[in-house]
Amino acid sequence: MTSSVATLRLSKGALRATASLRCSRTASTVASRPHETDPQLAGYPELPWVSNQSLPARGWWDQQERRNFGDPVHEYDEVLSMWGPDIPHVPPRKALLQFSLAASGFVAFGLLCKYALVPERPTVPREYPYSGLVRELGGLEENKAREYTEDGDE
């Protein structure tokens, strides 16, 4: 089957969906590169990269898969079928922006609760005479951490 026959066999919905898709370049290569045919296809039609999820829901021989009888199966049917990954309804950049706004909102609310909404202490902290009872507790040298020796002596 040649590619022109396969194109004719595609339904109107698939052709309409391919025309409405936005094309974007993701690689930094020249866009006017000639199209190379895949030698492993051996004459099998190269079908457009259109997910069945983007096709209209009615008017198909197989309603669940959104295919007509005798339509050629795409080379990557696992990805483009109805059971493949869902098509994002929100573009990735906008989704990242919305997620960033939501995360920054949660962080801002947490900082507000931590710093602005904390009530004052109901009591005054206890103050000890003689710079915190340093002299009464034996001085700074007595209250330092003791070194541990291996023989068990302190």
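Rules of the game
- Residues numbered from 1 in each chain as written.
- Predicted model: local features only at pLDDT ≥ 70, side-chain atom pairs only at ≥ 80, totals over all residues.
- Heavy atoms only, no water.
- Helix = DSSP H or I, 4+ residues; strand = E, 2+ residues; numbered from the N terminus.
- Buried < 20%, exposed > 50% of the residue type's maximum accessible area, 1.4 Å probe, protein only.
- Contact = heavy atoms within 4.5 Å.
- Areas by Shrake-Rupley, 256 points an atom, 1.4 Å probe, with all protein chains shown as cover.
- pLDDT = per-residue confidence, 0-100.

A.B. asks: Teacher, can you tell me more about the overall build of the protein here?
C.D. replies: For the protein, the helix and strand inventory stands at five helices and zero strands. Taking all 154 residues of the protein together, the buried fraction comes to 16%. Across the protein, the fraction of contacts at a sequence separation of at least 24, relative to all contacts at a separation of at least 6, is 57%. In the form shown here, the protein has an accessible surface area of approximately 13700 Å², with 59% of it arising from carbon and sulfur atoms.

A.B. asks: What should I look at first to understand the side chain of Asn-52 in this one?
C.D. replies: Mapped onto the fold, Asn-52 is located in the loop between helix H2 (12-20) and helix H3 (77-80). Other than its neighbours up to four places away in sequence, Asn-52 contacts Glu-65, Arg-66, Arg-67, Leu-80, Ser-81 and Met-82.

A.B. asks: For this particular structure, what's the right way to read the confidence of the model for the protein?
C.D. replies: Regions with low pLDDT carry predicted coordinates that are not meant to be interpreted in detail. With 72% of its residues at a pLDDT of at least 70, the protein reaches an overall mean of 76. In the predicted structure, residues 1-10 sits below a pLDDT of 50 and forms 15 contacts with residues beyond four places in sequence or in another chain. A low-confidence stretch, residues 12-25 (pLDDT under 50), is modelled with 14 contacts involving residues beyond four sequence positions or located in other chains.

A.B. asks: What's the story with unusual backbone geometry in this structure? I'm lost.
C.D. replies: Most of the time, phi is negative for any residue but glycine, and the peptide bond is trans. Of note in the backbone geometry, Arg-66 takes a positive phi value of approximately 55° without being a glycine. With respect to the secondary-structure elements, Arg-66 resides in the loop between H2 and H3. Residue Arg-66 is classed as buried on the basis of its relative accessible area of 16%.

A.B. asks: It is not clear to me how the environment of Leu-80 should be interpreted in this structure. Could you clarify?
C.D. replies: With respect to the helices and strands, the residue Leu-80 is situated in helix H3. Once residues within four sequence positions are removed from consideration, Leu-80 is found in contact with Trp-49, Val-50, Ser-51, Asn-52 and His-74.

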